[in-house]
2 protein chains.
Amino acid sequence: MAKPTPTPSTVSSLPLYTQIKDRLRAGILDGTYAPLAQVPSEYELCAMFGVSRITVRQALGDLQKEGLLFKIHGKGTFVSKPKAFQNVTSLQGFAEAMSSMGYEIFNQLRSFRTVKADRQVTDRLNLEPGSEVVEIHRVRLLNRAPVSLEMTWLPASLGERLVKADLETRDIFLILENDCGVSLGHADVSIDSILADHDIAEALQVEEGSAVLRIERLTHDAEGLPVDYEYLYFRGDAFQYRLRIDREKSRKNTRKTR
Amino acid sequence: MAKPTPTPSTVSSLPLYTQIKDRLRAGILDGTYAPLAQVPSEYELCAMFGVSRITVRQALGDLQKEGLLFKIHGKGTFVSKPKAFQNVTSLQGFAEAMSSMGYEIFNQLRSFRTVKADRQVTDRLNLEPGSEVVEIHRVRLLNRAPVSLEMTWLPASLGERLVKADLETRDIFLILENDCGVSLGHADVSIDSILADHDIAEALQVEEGSAVLRIERLTHDAEGLPVDYEYLYFRGDAFQYRLRIDREKSRKNTRKTR
């Protein structure tokens, strides 16, 4: 079909390393290079594509930043496992969401303390400045590999009821609902991207400066009162959030606000 | 009030650099250190907290990874501006969402090409392998600073109708709806965190290896057919996504699936 094309070409004017990156990425995504398989060496890739070592290194480095490849020092470059994902169109705890997909979940309880809350925590939980809260740090393991670090703050009177709960296998959401009789309502969630600092890197067993998906989540009870404030730090190379968004709502909102 | 506390102490057993990081973070978030203000020098912070330079550096480095501070070589360390955010509870284009919050939006059109689509793009858009698509690259500027790189693929027959559209100020969503008569339905969205590679770093004017929030978005028309496939790369230090999630839906789903 001779359609008019608005711009001249389908000829690639992309830099060489981008073309090689695109070819390797396609090979990873279509399964030519299997998860955990070793990719050809820099030397082999130079020969395959007829390019210099610096070009190959740039392509491999970019795919590593994207989380599709990882390096083991002295061994070579390998294909990352596909990312696990959680569908967040509805509010679920991590174990609740992931175990329904066949993953094995376990939590390392790193600390459970009653502390004087800082300003941000009392603001969010609608407590008097300086109130005590229960602070829980857990690392969540997916098929025995660390995938997220969770920091949770609960008002002390509620949080102290969790001291005997099984925090190693159960979601806090389900403990609140089933053991404490709290009906959960909605959560306000903020999502951004940061680099792993020393503490996060140590907890998630990644290098400092790795990509981290950070979720700030304030969960309310059915009456709309805040009950559970959290920071969730996910390994960028191992996890993604998915959701479905409808246009309809948006157009209603637009009409309302204009 | 002498409540029983389940664990011993409110005394801090945190490492020194974590305590200093927490103090500085609180100062940034409560406005003691204003956006774009310079924070005290390493030397001054050592004196203020009575700690070593290595401890101060670790705290400052961590806050930089978190996106709260940035360094200008030879000038010092400064407080980042608060992140802009987009509420994604409903599906809106970036300009539509941000201009209603008082931001000035402008788009740099980097390329508009008709290309032979790769496998991932034809799969998502439900096209025959090897079909032609229109590929649009834009950098979106918020108050004149780059905040995201958008790569958009549209079926060629639809995309070619955008060649004369004002892609520098208008959202593709609104062009599709208002100029092309496409009613938009829902979008499936995946969110993860990666590091800026060479191309993304250059487009967003950040250093390679900076934190990037990556959104993969497949938008469907009102009949549920895929019409617009995108990768959006947001500066991690400048942007966050926000949404509200309801528990109710989740419990219904849980009942259904068990």
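Just so we're clear, the structure is a prediction, and the values are computed from it rather than from any experiment.

Trainee: Just checking my understanding: could you explain the relation of the copies chain B and chain A for this structure?
Mentor: Relating one copy of the chain to the other requires a rotation about an axis plus a shift along that axis. Expressed as a screw operation, the relation of chain B to chain A combines 0.0 Å of axial shift with a rotation of 180°, fitting to an RMSD of 0.0 Å. Taken together, the turn and the small shift mark the pair as related by a two-fold rotation axis. Both copies present the same face, since 98% of the interface residues in chain B are matched by interface residues at the equivalent positions in chain A.

Trainee: Even after reading the chapter, I still don't get the packing of helix α1 (residues 16-29) of chain B against helix α3 (residues 53-65) of chain B, so can you show me in this structure?
Mentor: For any two helices packed against each other, the geometry comes down to the angle between their axes and how far apart the axes lie. Residues and elements named next belong to chain B. Where α1 meets α3, the closest approach of the two axes is 8 Å, and the angle between their N-to-C directions is 50°. Classified by the angle their axes make, α1 and α3 are oblique. The element α1 and its partner α3 pack so that their crossing is right-handed. Of the residues in α3, those touching α1 at L16, Y17, I20, K21, L24 and R25 are T55, Q58, A59, L60, D62 and L63. For the contact of α1 with α3, a count of residues per class yields 7 nonpolar, 2 polar and 3 charged.

Trainee: For this particular structure, what's the right way to read the sheet that holds strand β8 (residues 211-221) of chain A?
Mentor: Pairing between the strands of a sheet is mediated by backbone hydrogen bonds and can be parallel or antiparallel. An order of β4(A)-β5(A)-β6(A)-β9(A)-β8(A)-β7(A)-β10(B)-β3(B) is seen for the 8 strands of this open sheet, with the pairing classed as mixed. Looking at which strands have only one partner, the edges of the open sheet turn out to be β4 (105-116) of chain A together with β3 (84-87) of chain B. For this sheet, the mean angle separating the axes of adjacent strands, direction not counted, is 20°. Pairing geometry for β8 of chain A and strand β9 (residues 226-235) of chain A, over 9 bridges, is antiparallel. The residue of β9 of chain A that forms the bridge with V212 of chain A is R235 of chain A.

Trainee: Just checking my understanding: could you explain the side chain of T77 of chain A for this structure?
Mentor: Positionally, T77 of chain A belongs in strand β2 (residues 76-79). Leave out the neighbours within four places in its chain, and T77 of chain A touches A37, Q38, V39, L69, F70 and K71 of chain A.

Trainee: Where do I start with the domain arrangement of chain A in this structure?
Mentor: Accessible area lost upon the coming together of the parts serves often as the stated size of an interface. As far as domains go, chain A holds domain 1 (16-79) and domain 2 (84-242). When each unit is reduced to the centre of its C-alpha atoms, the spacing between domain 1 of chain A and domain 2 of chain A is 35 Å.

Trainee: What is the right way to read the interface of chain B and chain A from this model?
Mentor: Every contact between the two is made by 80 residues of chain B and, on the other side, 78 residues of chain A. Across the chain B/chain A interface, buried area totals approximately 6700 Å², and carbon plus sulfur atoms make up 48% of it. Broken down residue by residue, the surface that chain B buries against chain A is led by K65, I245 and R247 of chain B, which jointly contribute 13%. Joining chain B to chain A, the criterion identifies 14 salt bridges. For K21 of chain A, the salt bridge identified is with D199 of chain B, shortest N-O distance 3.2 Å. For the pair chain B and chain A, the interface holds 37 residue pairs in polar contact (both at pLDDT 80 or more). Among the elements that take part in the side of chain B that touches chain A, strand β7 (residues 184-195) of chain B stands out by supplying 12 residues, more than any other. Here the residues of the side of chain B that touches chain A sort into 28 nonpolar, 26 polar and 26 charged. With 6 bridges joining them, strand β7 (residues 184-195) of chain A and strand β10 (residues 239-246) of chain B adopt antiparallel strand pairing.

Rules behind the numbers
- Numbering of residues begins from 1 in every chain and follows the order in which that chain's sequence is written.
- Note on labels: chains are lettered from A, ligands numbered from 1, in written order.
- Local features in this predicted model are restricted to residues of pLDDT 70 or higher, and side-chain atom pairs are both shown and tallied only at a pLDDT of 80 or more, whereas totals for entire chains, interfaces and linings draw on every residue.
- Here the side-chain values reflect all heavy atoms present in the structure, with hydrogen atoms and water set aside.
- Only residues with pLDDT of at least 70 in both copies count here: their C-alpha atoms drive the least-squares fit that superposes the copies.
- It only takes one pair of heavy atoms within 4.5 Å for two residues to be counted as in contact.
- Interaxial angle, 0 to 180 degrees, is taken between N-to-C directions of lines fitted to C-alpha atoms, where a helix line uses only the stretch in contact.
- Helix and strand labels come from DSSP, where a helix needs a run of H or I of at least four residues and a strand needs a run of E of at least two; each type is numbered from the N terminus.
- Comment on the angle field: the value is read as roughly parallel under 35 degrees, roughly antiparallel over 145, roughly perpendicular from 65 to 115, and oblique elsewhere.
- By convention the crossing between two helices is left-handed if the near helix lies anticlockwise of the far one by an angle smaller than a right angle, and right-handed if it lies clockwise.
- As a working rule, the residues Ala, Val, Leu, Ile, Met, Phe, Trp, Tyr, Cys and Pro are called nonpolar, Asp, Glu, Lys and Arg charged, and the rest polar, with Gly in that last group.
- Pairing between two strands is assigned when DSSP locates at least 2 bridges connecting them.
- Where each domain begins and ends follows an automated or database-derived domain assignment.
- When two parts are put together, the accessible area they lose, computed with a 1.4 Å probe and summed over both, is reported as buried area.
- We define a salt bridge as a side-chain nitrogen of Lys or Arg found within 4 Å of a carboxyl oxygen belonging to Asp or Glu.
- A 3.5 Å cut-off defines polar contacts: any pair of N or O atoms within that distance qualifies, except that in protein one atom must be a possible hydrogen donor and the other a possible acceptor, and neighbouring residues in sequence count only when both atoms are side-chain atoms.

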